[in-house]
Every structure is written in structure tokens, then in C-alpha cells.
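# A structural walkthrough
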Amino acid sequence: MLCALIFAGCKKEDVKPVEINKNKIAELTSDKTTITLWSEKAGLTTGYNKLYVSLKEDNGKEISNAAVSFMPMMDMGTMKHSSPLEQPLFNSTLRLYEGAVVFTMPTSAMGSWQLDVSVNSVTVSFPVTINSTTQKHVASFVGTDENKYFISLVSPLQWKIGLNDLDIVINRQASKMDFPADDGFTVAFFPEMPSMEHGSPNNVDPVLKGNGHYLGKVNYTMSGDWRLHFKLKKNGIVIKDDVSLDILF
Amino acid sequence: MPGAVLLRAQEDTLLRSVVTLQEVIVQQDGRLHNSRERKQGADLQVPTDQLLEKISGVNMIRRGNYAWEPAIRGLNAGQINVTISGMAIFGACTDRMDPASSYIEPNNLKSVAVSYGTNNESYGSTIGGGFNFKLKQPRLNSEKRFSGLAGLGFESNADALQTLAALEYSSKNFAVRGNGIFRKAGNYAAGGGSRIDNSQYAKWNGGLSAVYRFSDHHFIYTDYIQDEGWDIGYPALLMDVAFARAKIASVAYRYQPHSKNLHHWETKLYFNTIDHAMDDTKRPKDQVPVHMDMPGTSRTTGFYSEALWTFDNAHHLTVRLNGYRNRLHAEMTMYPEGAASMFMLTIPDAQRDVAGLDISHKMHIGQNAEIVAGARADYTGSSLYSAEGKQLFSGMHLGNLGRSTLLYNIYLNGAYRMNNHAQLFAGVARAMRSATLQEMYGFYLFNRSDGFDYIGNPGLKNEASCNLSTGARFRKSIVAIEGQVFAYFFQHYIAGMQVPGYSAMTYGARGVKRYGNISSAVLYGAEANIEVKPLSVLTLKSSNTYIHGQDVNSNALPLIAPFKSVNTLSVNWKEYRFTGEYEYAAAQRHISSTFYGELSSPSYTIVNLAAGKSIPIKSTLLDLSISLTNLFDRNYYTHLDILKIPRLGRNLTVHLTLQF
């Protein structure tokens, strides 16, 4: 009897708008639609950034069926280039369009970033400031196949001492505006503490998950500076013998 | 090392009932007026380490001039059990800098019970026996309302100084005893004069014990000991110690009915806490590639309840229930120059829960035979108690990190008196121990002996052994001879095994080892003691020990002392006593450098001299002890001295003690 009452009490379903637990980067209104850009991290930095977009009509109603796309652009005066990205898709749990951009350099006197967000073929431009990280979370290299690639640590980077999931994404630079994810690699890796010159055991080489993501495990035996060394092969041929990313926690 | 003086402390009775047990009296009751007995153990200024080292079959693992680690017949650390009046206590240091015995002073003690295997004196499952340090309780209803002692000592080598005092108050229903000691030493000089840097130490230890009789047969006992060491050098290790602090407290209730079968029933609750911090700031810069902090703590809470019944004056039944929880936390923070600091847990918040039941039956069969049979069962649970600890160890061990096991020990010891001169004795036991928390969860613990970083293994099997021992004792007119042989047949012997491909964390380490089980190992040996008393004032004694150990792969077991012979000549004339001691240890060449990382050790001989006089002054007794150890200033070390750091050179020790 009591149980029934409790269950009855729990059944009440308030259809409250989901609270957005992200960091707001900027907000623009275009054609009666408010477009808000959110980030997983408090600010945007070089490397892999999870980005979210929320859309609202002027009556406050959420739009969940729009076609949303990103186009990041670095303007260096004499030339422009884009960067690797993951186009946003609506996440019905978060009630947000979820995507990602790998910013390959920080905002500086050399140039500035803007992020174009297209909603159903209407495009707004967010000027964004990309801070540099003290650690190298993204690295570029030219492989033995003459292609230029980017390798990035996928955030959030909530490292703990012990065994951690490791997620990296590899993109090939097809052109200055096109960086397709590359699923063709076999990845071997080992972590190292540069200030200690030791590694750690029981790491798991990342294997392809799809969309250029490779998932593995990294064992941090202590906190501090770590360098992750990757060796990349394609069809048995070494494309890059050693490219490294740095972390600190 | 005024061993000659200390040997007096060892009682030698012909009919020792239990082959695996020896009790070394440290302090007699104050009520004893017999001056010879009062003298025994009067020298409380000798450090606990040296007191233990003088016990037959005991060798000390030495990492400096302080806090030596005891080994009994080649067994040490988790293979032996160390308790203080039945209380479990575990050092906090990951590098074994603070064995439990380092937090106890002779001034706290009545006696040390040494077990050479499993018997009815142990408060836990054990393979190699152990030490139970019995605290000195104040005595109710003593003839003297106030009694006590005060002493001062000095050593020429290391400019060591100690001062101690104890005071006891006794009334019909209440008695209290306080004691304290302060010790300080500088760097010592080895034989030949070379100074051993970072061998200094300083400490104080205080104890307070009280007993209250609230009715005829009911007593309450409380004990508190605080021991604080600081600025302690460990020349054999990479770091020293900033501080090592222990607080040991207990309260016990004892029911002691007379004229009943129940002799006594005692229940004790206890708690102890140890805080330990390593320190590298006093080392020369070139010895410290990276400055680091390495603190550790050990907390133990426990209880025991034991009762002894006597039936028909021939059967003694002891039942003991005990349990404790020990928690170890140790961490390391490194501060590399020009880089971020690094942090890790070296013991990732490990917990041990133990509950045990011990039943033993001692019976006299006729006039000439005695048997002690007993069994002990222990539940042992091991786990990591913090989320950080579990997360850290997840990178080392897949699967369940917690373990619980059931241990059992069974033993049968017997003695038979053939006639008034000869006695035979024998013992057999099946013993087990759980891996220690360090062996299960240690995280890159550096072992200076073999130069490897050690990683724990939660999947370790219990180490087990079959223990056999037998011997004979003979005494006729001026000669007493005692000989004993013993053997331990191990199963699942726990040892470190190299893990290829793992990189060491400690600078200069040779690699990484993980604890594992070796299917079998054997340890056997013999002890022979001879005493000749040709004149009433003259005693000649010879104590000889030999151990041999190897595992199934024919690798010599580590930390096994070679043949050792200690020979003394003592003269007790009126109030004077003189002792000359000749100690010889053979070379140890039975070593495994490939598997256990040991190097051989050469033989040595040293000569020690001691003299003393007790002067009764009214109702007080003034005792003066002078000893000259390592008379010929030999540069020597024992096989168990880590990194082969030489021991003290010639050392003149003067101890002055006033008992009242």
C-alpha cells in the first residue's frame, strides 16, 4: 500500500526543459532563431574541443530537427585554413547538437579563429578565442606517404592515477578546408614520464572505433607530466615512427 | 653491543616446557630483593635491537644504526609476528625502516617472548614464530610504595647519549608506573675510523601503565606508550627519516578467580597509530636526483579475549579470540627541477581485517612428559579502502583487488624428561600466513638489497610450511648442553620475480619485480649451546647457530645468516662481573645473486669486553656497566647488513643506573 503511494508519487512527470550543464561560449540570433554555442570546457583551447549548439525559436521553443553544421576558419591574413571537425548531431538526452572541432593553433597575432555555424542553410559566424594549452594535446606530422595528418587527444581529459580510457582521433589533411577522419591506421603506443624517464605497464594500444577515433587504455602510475608516444602504421607500413602528445595532471 | 652484559638476562632453566618458545626477562619485579635477580636486566639502556640480536637464532637486518629489523632463524617481515602484549602493530614505512620493534624500549618491558614457530604464545597466524614484547605492569601491593630507577649512559663512538628514568607507585588496589628514555647519537665510525655519514638518530620514548583492582578478582589495566624518533639516518637506503612516531594505547579487563578451574580471563581493546616520514633533505645534492616526500601511516585497532583453565593440575586449556583491523597509507610526491610535481600512492590505502580463534591444550603426562597441542584459525580479509587506491591499482591488476582467506595453524610440541640430567623435545606444526599488505598492494617499493622496484600481487597464494624441530638438553655437574635441529618445508614461498618490460620508477633501479609464489622452498638449521661452570665464579658459554635455505630452483634464500658462534667467558666475583666475548661469523657464500640479488659476505671475528659492579647503598642499588665492543676496531659487517655498510668500530660504553 505504502509502496503504491510512493510509486504514484514518482509517476508525476514534469516536462521541464533540460538544464544545459555546459559552458556558454556565445549566442547569436538570426531569423528569429537563437543559436547558442556551448563548450564542454570552460574555454576553448587548442586540441579537441567538444562543442554543442542549442536552437530556440523566439517563442522559446526548442528546435531539434534542424540541419546544423560547423565550419571553423583560421584567418592568417595571407591565407585561411579550416581544421578537423566532427559535424554536430542532435543528442536527444542532452537536448543539444553535439559536435567537435580540433583547433590546431591558438588565437594570436598571427591570426584569429571564427566558427561558422549553419542552421538549415542560414549561417552565423562566431568569433572564437582559442587559448593555447601548456601541453601538446594535438600534433601534426607528415607521414611517409607524404600526407599531412593531425592526431588529437579526445577530451574531456579527466585523468586519474591508474588505468584510464584513452581516446584519440586522427585526421588527414585533404586540403586546407577538408580534414577527413582516417580509419586506416594501426596504432601502437607507450606512455613515458619525461622527467623520470620511466614508463608504465599494462597499457592497451588504441584500436579503431570509427570516425577516426581509436580507443585504448593508458596506465598512469603517478600524477605529473606524461608523454604519450604513438607509432602509426597503415597496411603494415610505418607512416610515422614516433609522434607524441603531452599531458599533465 | 654490550652483549656480554645482556646474556645475563637469559634465564636458562633445564626443563623448558615448550621447545618453540623462549622468554627473555628484561626487568624483574621490583619486589625481588635478591641482588642477583635484581641485577638481571638492570641495563635498560641497551637498545631493543641489540637486546634482540643477543637472542639465540635471532639476526638483525640492519639499514643504519637505528630500527634494525629482526629475523628469527632466517625468517622475517610477514613470516614472523610482532606484537606488544598481544597487540598487533605494523610499521608504516614502505622501505621497512620502522619495524614494530623500533617503537619499543627495554624500559617499557618486562620480557620478550620469542617464538621459533607456532605455539600458544602467538597472537596471529605465523610461520616463523615471532616476538611478543610484554610490557611491564606496575605491581599492586608492593613492599615499597615508591620504586624506580634513573640512568645515564654514554658511548664514545657516535657520541651517543641516553638517559632514562622510571617511577612506580604501588598501593593495595592501585599502582601506576611511568617510564621514559631519551637517546641521541651522531654519525658513527666504522672499524678503522671511517665515518658513516647519515647514521645519526634521536628519539624519546615514554610509557605510562596503571592497574586498578576494583574488587578481589577484577582488575583493569591500561597502557600507553609514545615513541618519537627524529632525524634518523639510514646510510644503507636512499632516504633518511624526518620523524617516526608511534602512539600505542590499550585498556584491559582481567578476571582472576582463585581456587577455581578458571585461572584468568583477560580482554583487551587496543589502538595504535604510526606516522612516518622519509626525508632526503640532509643528503648531498648528488645523491638526490629528485627531491621527494614519502610519508606513511599505519593504524591498527584490535582486541583479544583469552582465558586459561587448569584442570587437575595437569591440563591447561587456553582459548584466545582476537581480531584487528590495520590500515596502511603511503604516498610519494616528487619534485623534479623544472617540471611538474608528481604524486602517487605507494601503498594504495590497504586494509587488513583479521579474526582468529586459538585453542591450545598443555598437559602433563606423568612426572616426566609434557605436551602442548593447539590449533588456530584465522579469517584474513585484504582490500583497498579508498577509491583513489582502487583506481591506482586498477592499472596493475585486473579483476578483484580484495581477497579473503582462511588460515589455519596446528602444532604439537612435546618434552620428555629421561632422567634428572637429560631431556628430549620435539615439535611439529603446519603453519600458514597470508601475504602482507605490502606483498599484495605495494606500488613500486624500492628494495635496496637487490635494487628492484617491487609491485604487489593481490592474487598471491598463502605461504604455508611444515615445521619440524627436535633436540635434547643435558646437564650434569658443571656442564650443560643443548642441541636442536629444525626444518621448515615451505609451499608457495613468496618472493619477488622479475617482470620483463616494466620500467623502474626509482632512479638507478635495476628493474621491476612482482611478488609471486615459488612452489616450494626449504630452510633447515641447527643450534647448539654449551655452558661450562668449572668454578662458582666462572662461566664459559658457547652459542652456535647455522641455517641453510634454498628454494625449489636451488636458489639460496635471501637474508640467511651464515654459521655464527658467540663464546663468552664470565666472572662473577662479589659485586664485580667481567665478561669477555668472542664472536665469529663464517662467510656466507650460499647466495643467489641472479634471483634474489644478494652478494656474498666475508667472515669476521670481533672481541667484546665488559665489566660491571653493583653497589648497594642503603636501600638503593647503583649499577655501573662498562663495555668495550669491537676491541680490535675491526671493519666488519654481517650478511644481513643491507648494502654492506660496516658496523660500529671500537666503542666504549658507560652505563650508570640507580635503582630504588
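## Things to note about the overall build of chain A
Scanning chain A for helices and strands turns up one helix and 19 strands. Based on the C-alpha atoms only, the size of chain A along its principal axes is roughly 60 × 60 × 35 Å. The 249 residues of chain A split such that 36% are buried. In chain A, once contacts between residues fewer than 6 apart in sequence are set aside, the share between residues at least 24 apart is 56%.

## Observations regarding the overall build of chain B
A tally of regular secondary structure across chain B gives five helices and 32 strands. Its C-alpha radius of gyration of 24 Å places chain B within 12% of the 26 Å reference for a compact globule of 660 residues. On the principal axes, the C-alpha backbone points of chain B span a range of 70 × 55 × 50 Å. In chain B, which comprises 660 residues, the share counted as buried stands at 50%. Residue pairs in contact within chain B that sit at least 24 positions apart in sequence constitute 66% of those at least 6 positions apart.

## Digging into the sheet that holds strand S6 (residues 87–88) of chain B
Residues and elements named next belong to chain B. Strand order across the open sheet formed by five strands is S1-S7-S8-S5-S6, with mixed pairing between neighbours. Each of the sheet's edge strands pairs with one partner strand only, and the pair in question is strand S1 (21–25) and S6. One ladder, built from four bridges, connects strand S5 (residues 81–84) with strand S8 (residues 130–135); its direction is parallel. By the bridge assignment for S8, Val82 is matched with Phe131.

## A look at the interface of chain A and chain B
With 19 residues of chain A at the interface, the matching set in chain B holds 20 residues. Of the residues assigned to the side of chain A that touches chain B, the class counts are seven nonpolar, 10 polar and two charged.

## Structural notes on the domain arrangement of chain A
Residues and elements named next belong to chain A. Splitting chain A by domain gives domain 1 (23–131) and domain 2 (138–248). The C-alpha-based centres of domain 1 and domain 2 are spaced at 25 Å. Across the contact, 14 residues belong to domain 1 and 14 residues belong to domain 2. For the side of domain 1 that touches domain 2, the leading source of residues is strand S4 (residues 47–57), giving four residues. Among the residues forming the side of domain 1 that touches domain 2, the class breakdown is three nonpolar, seven polar and four charged.

## Quick notes on the environment of Asp293(B)
Residues and elements named next belong to chain B. Its location among the elements puts Asp293 in strand S16 (residues 291–311). Looking at Asp293, the number of C-beta atoms within 10 Å reads 18, which means it is partly exposed. Counting along the chain gives 156 residues from Asp293 to Gln137, while the straight-line C-alpha distance between them is 39 Å.

## Digging into the sheet that holds strand S2 (residues 58–61) of chain B
Pairing between sheet strands relies on hydrogen bonds along the backbone, with the strands arranged either parallel or antiparallel. Residue and element names in this part refer to chain B. Taken in spatial order, the three strands line up as S2-S3-S4 in an open sheet, and their pairing is antiparallel. Edge positions in the sheet fall to S2 and strand S4 (75–76), since each has one partner strand and no second. For strand S3 (residues 69–72) and S4, the ladder comprises two bridges, and the chain directions are antiparallel. Residue Ile72 lies in a different strand from S4, and its bridge partner there is Leu75.

## Thoughts on the pairing of strand S30 (residues 604–617) of chain B
Residues and elements named next belong to chain B. The pairing of strand S29 (residues 576–585) with S30 spans 10 bridges and is antiparallel. Residue pairing in the sheet places Gly580 in a bridge with Leu609 of S30. Where S30 and strand S31 (residues 620–629) come together, nine bridges link them in antiparallel fashion. If you follow Pro616 over to S31, its bridge partner there is Leu621. Connecting the antiparallel pair S30 and S31 is a turn made up of two residues, with Lys618 showing a positive phi of about 55°.

## Quick look at the confidence of the model for chain A
For chain A, per-residue confidence averages 90 on the pLDDT scale, and 92% of positions sit at 70 or higher. Segment residues 1–15 of chain A is flagged for pLDDT under 50; beyond a separation of four residues in sequence, or across chains, it makes zero contacts in the model.

## Digging into the confidence of the model for chain B
Residues and elements named next belong to chain B. This prediction gives chain B a mean pLDDT of 91; 95% of its residues lie at or above 70. Low confidence marks residues 1–17, where pLDDT is under 50. Its contacts with residues over four positions away, or in another chain, come to 48 contacts. Counting contacts from residues 30–41, a segment whose pLDDT is below 50, to residues more than four positions away or on other chains yields 28 contacts.

## Re helix H4 (residues 387–394) of chain B
For an α-helix, the turn length of 3.6 residues means that residues three or four places apart are oriented alike. Within H4(B) the residues assigned to the buried category are Gly389(B), Leu392(B), Phe393(B) and Ser394(B). Looking at the buried side of H4(B), the elements it contacts are strand S14 (162–172) of chain A together with strand S18 (342–365), strand S19 (369–384) and helix H5 (437–441) of chain B.

## Focus: the environment of Ile642(B)
All names here are of chain B. Structurally, Ile642 can be placed in the loop between S31 and strand S32 (651–659). On the basis of neighbour counts, which here come to 21 C-beta atoms within 10 Å, the residue Ile642 falls in the buried class. Between the C-alpha atom of Ile642 and that of Leu559, which follows or precedes it by 83 residues, the distance is 9.3 Å. Not counting chain neighbours up to four residues away, the residues in contact with Ile642 comprise Ile61, Arg62, Arg63, Ala236, Arg448 and Ser449.

## Brief notes about unusual backbone geometry
The phi dihedral of Asn120(A) is positive, around 50°, even though this residue is not glycine. For Asn120(A), the location among the structural elements is in the loop between strand S9 (112–119) and strand S10 (122–128).

## Overview of the pairing of strand S25 (residues 479–498) of chain B
Two faces make up the sheet, and in a regular strand the side chains alternate between them. Where strand S24 (residues 463–476) of chain B and S25(B) come together, 13 bridges link them in antiparallel fashion. By the bridge assignment, Leu468(B) is partnered in S25(B) with Ala487(B).

## Here we look at the environment of Glu583(B)
All names here are of chain B. As for its position among the elements, Glu583 is in strand S29. Of the residues examined, Glu583 has 21 C-beta atoms within 10 Å and is grouped as buried. C-alpha of Glu583 to C-alpha of Asn544: the two residues are 39 residues apart in sequence and 9.9 Å apart in space. In this structure Glu583 touches Val566, Thr605 and Ile606, once residues within four positions along its chain are discounted.

Conventions adopted
- Residues numbered from 1 in each chain as written.
- Chains lettered and ligands numbered in written order.
- Predicted model: local features only at pLDDT ≥ 70, side-chain atom pairs only at ≥ 80, totals over all residues.
- Helix = DSSP H or I, 4+ residues; strand = E, 2+ residues; numbered from the N terminus.
- Buried ≥ 20, exposed ≤ 12 C-beta atoms within 10 Å, placed from the backbone.
- Contact = placed C-beta atoms within 7 Å.
- Rg over C-alpha atoms; globule rule 2.2 N^0.38 Å.
- Pairing = 2+ DSSP bridges.
- Nonpolar A, V, L, I, M, F, W, Y, C, P; charged D, E, K, R; others polar.
- Domains from an automatic or database assignment.
- pLDDT = per-residue confidence, 0-100.

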